[in-house]
Amino acid sequence: MIDVGVIAPSEACAIAEEAYVYAYPMLMGYGFFHAQAIDTRSKMHQGMNRLHHFRQLGGPAFLNIIPWINNDTPYSAGWLDLRAEPFVLSLPRFPAHRFQDVQLIDLYTHNFAFFGTRVNGNEATSILIAGPDWQGEPPAGVEHVARAETRLVKIVTRILLEHPDDAAAIHVLEDQYRLEPLSRFTGGSAPQAAAAIEFPVPTAPKLEARSAEFIRYLNFLLPLCSVPASEQALLTRFARIGIGAGVPFDPDRLDPPLREAIDAGVAAAYRKIVAKAARLDDRANGWEMPLDLRGNRERMAGDAAGLLRRAAAALYAIWGVDAEEGLYMVADVDANGDVLDGGRHRYEIRFDGPPPVHAFWSFTVYDAKTRLLVEHPSGRYAVRDRDPGLQRDEGGSLTLILQHASPGKAREANWLPVPRQPFQVVARLYWPKQELLARTYLPPGIIVVE
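Treat the numbers as computed from the prediction; the structure is a model and nothing was measured.

Novice: Just checking my understanding: could you explain empty space enclosed by the protein for this structure?
Specialist: Summary: where empty space remains is shown by rolling a probe the size of a single water molecule over the atoms. According to the stated counting rule, one finds three cavities of 30 Å³ or more in the structure shown. Along the walls of the second largest cavity sit Thr109, Asn111, Leu293, Arg294, Gly295, Met300, Arg310, Ala313, Ala314, Ile318, Trp319 and Gly320, which together make up its complete lining. It is helix H8 (residues 304–317) that contributes the most residues to the lining of the second largest cavity, three residues altogether. Residue composition of the lining of the second largest cavity, by class: six nonpolar, four polar and two charged.

Novice: So what exactly am I meant to see when it comes to the sheet that holds strand E13 (residues 382–384) here?
Specialist: Pairing between the strands of a sheet comes from backbone hydrogen bonds, and it takes one of two forms, parallel or antiparallel. Within the open sheet, the four strands sit side by side as E10-E16-E12-E13. Their pairing is antiparallel. Two strands bound the open sheet, and with one partner strand each, they are strand E10 (326–331) and E13. Going across the sheet, the axis of each strand differs from the next one's by a mean of 15 degrees, ignoring polarity. Relative to E13, strand E12 (residues 357–367) is paired through three bridges, and the arrangement is antiparallel. Across the sheet, the residue bridging to Ser362 is Arg384, located in E13.

Novice: When you look at the nonpolar core in this model, what are you seeing that I'm missing?
Specialist: Generally speaking, nonpolar side chains in soluble globular proteins are found buried as a group. Judged by nonpolar contacts, the single largest core of 76 residues is most densely connected at Tyr20, Tyr24, Phe214, Ile241, Ile243 and Ile262. At the level of elements, helix H1 (9–38), strand E2 (75–81), strand E8 (152–159), helix H5 (214–221), helix H6 (232–238), helix H7 (256–278) and H8 are the ones that each hand at least two residues to this core. Examining the composition of this core, we find that 17 residues originate from one element, H1, more than from any other. In contact with Ile262, not counting residues within four places along its chain, are Ala12, Ala16, Ala212, Ile215, Ile241 and Leu254.

Calculation rules
Along every chain, residues carry numbers that run from 1 in the direction the sequence is written. Given that the model is predicted, a residue must reach a pLDDT of at least 70 before its local features are reported, and side-chain atom pairs must reach 80 or more before they are shown or counted; all residues, however, enter totals for whole chains, interfaces and linings. Side-chain measures were taken over the full set of non-hydrogen atoms in the model, leaving aside hydrogen atoms and water. Buriedness for pockets is judged along seven lines, at least five of which must meet protein on both sides within 12 Å for an open set on the 1 Å grid over protein atoms alone, while cavities are sets there where a 1.4 Å probe fits but cannot get out, and lining residues have an atom within 4 Å of a point. Grid points are joined across faces, edges and corners, and a volume is the space filled by probe spheres set on the points. Strands are runs of DSSP state E lasting at least two residues, helices are runs of H or I lasting at least four, and both sets are numbered from the N terminus onward. Residues are sorted three ways: Asp, Glu, Lys and Arg are charged, Ala, Val, Leu, Ile, Met, Phe, Trp, Tyr, Cys and Pro are nonpolar, and all the rest, Gly among them, are polar. Pairing between two strands requires that DSSP report at least two bridges joining them. Angles run from 0 to 180 degrees between N-to-C directions of axes, and those axes are lines fitted to C-alpha atoms, restricted for helices to the stretch in contact. As used in this record, nonpolar core signifies buried Ala, Val, Leu, Ile, Met, Phe, Trp, Tyr and Cys residues forming a set joined through side-chain atoms within 4.5 Å. Whether a residue is buried, partly exposed or exposed follows from its accessible area with a 1.4 Å probe, protein chains only, as a fraction of its type maximum: under 20%, in between, or over 50%, in that order. We call two residues in contact whenever any of their non-hydrogen atoms come within 4.5 Å of each other.

Set out below in structure tokens:
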């Protein structure tokens with residue numbers, strides 16, 4: 001146990017508040033990591049150093065539950081341990097019309113690399129994914145190198161489902177992904193295996209550890225990260241309350257006034273995170289359009305505002321993509337600012353023209369509180385730009401119908417079923433055009449029709 005020395009409770013409280021904001025996304029990410037990669041009893045378990053292919057779209061019964069599960073693109077996902085050596089992900093050639101991407105995320109929850117249709121096209125390619133300790137050169141046959149700041153990373157791939165009978169074609173492409181250690185890719189000798197790790201068991205998959213206990217988890221995670229020079233002073237300050245890479249920490253050994261001060265700082269930090277997540281930006285016609293919520297370290301700057309934004313993003317919906325890859329707009333109120341409630345009203349969204357994207361758009365409905373899909377008798381949870389039968393007016397305008405009951409067979413292609421309760425609508429706008437990124441395009445509000 002580190003000797004925190006003499007520190008006033010007021011200073012300990014302030015440091016704990018700052019440190020918890022810093023640690024929050026790492027804590028949440030670790031909770032999911034443990035359930036997905038380590039705990040073989042977990043319904044989320046996928047294993048380590050392999051890609052797990054989800055053969056169906058996300059739905060209410062999807063076992064790998066995270067907020068706002070995508071209902072447009074079947075996922076492949078996995079966790080990589082990069083301590084011993086890099087991994088190489090080889091992608092097949094995709095048809096020119098097919099949108100696909102690869103998202104790489106570190107333990108800080110930074111998106112440190114994207115590949116796919118937007119970034120480098122749809123030709124077959126190989127990507128070397130390296131941790132902070134690797135100093136080698138990429139071998140022949142590797143076109144891209146992605147370097148992570150952390151020794152554990154998450155990988156997520158998406159392939160656009162273009163029509164209801166498209167799943168088989170996607171599965172063929174998924175089965176052509178190849179993920180392997182660098183030594184196997186080159187045919188060389190495998191390096192010495194990394195030391196075994198005893199992973200602490202989180203209290204829940206959504207690990208928040210809203211007390212001094214968070215320090216124990218953070219101290220475990222820090223040796224798996226490289227800390228940039230810009231944050232060394234921050235970590236030196238955090239050491240005043242027992243934070244340090246690999247340092248043993250037992251909150252029960254703290255003097256009661258110090259423990260209470262740290263707990264108070266954690267509580268204050270959590271209130272700040274919740275408040276930030278509740279108001280990420282100013283609404284436009286009832287829609288939130290957060291443009292600076294995700295990114296690499298350069299975008300998620302290490303100042304206080306950047307760290308708070310990073311924490312709020314983890315609470316809001318962990319592991320989202322950068323706005324350039326996919327802009328998510330969210331509405332839980334109508335154009336007049338009233339709560340969306342499918343038990344009270346029917347709604348419409350009327351577009352003069354479709355949202356401006358290079359790839360695809362979709363609108364999906366979720367429960368307002370849990371942000372999970374809600375079971376509906378229709379089995380329909382999204383409206384997409386490529387849905388068969390989607391009806392547009394002669395001038396290209398489009399109306400989406402949001403209500404619980406079917407509007408009739410003739411209009412069902414434009415129907416977005418909603419639950420008989422408060423709900424949210426999430427618009428996914430993949431590879432958005434510049435007018436979306438510049439906010440010169442503003443989405444129409446959701447209007448009450450009855």
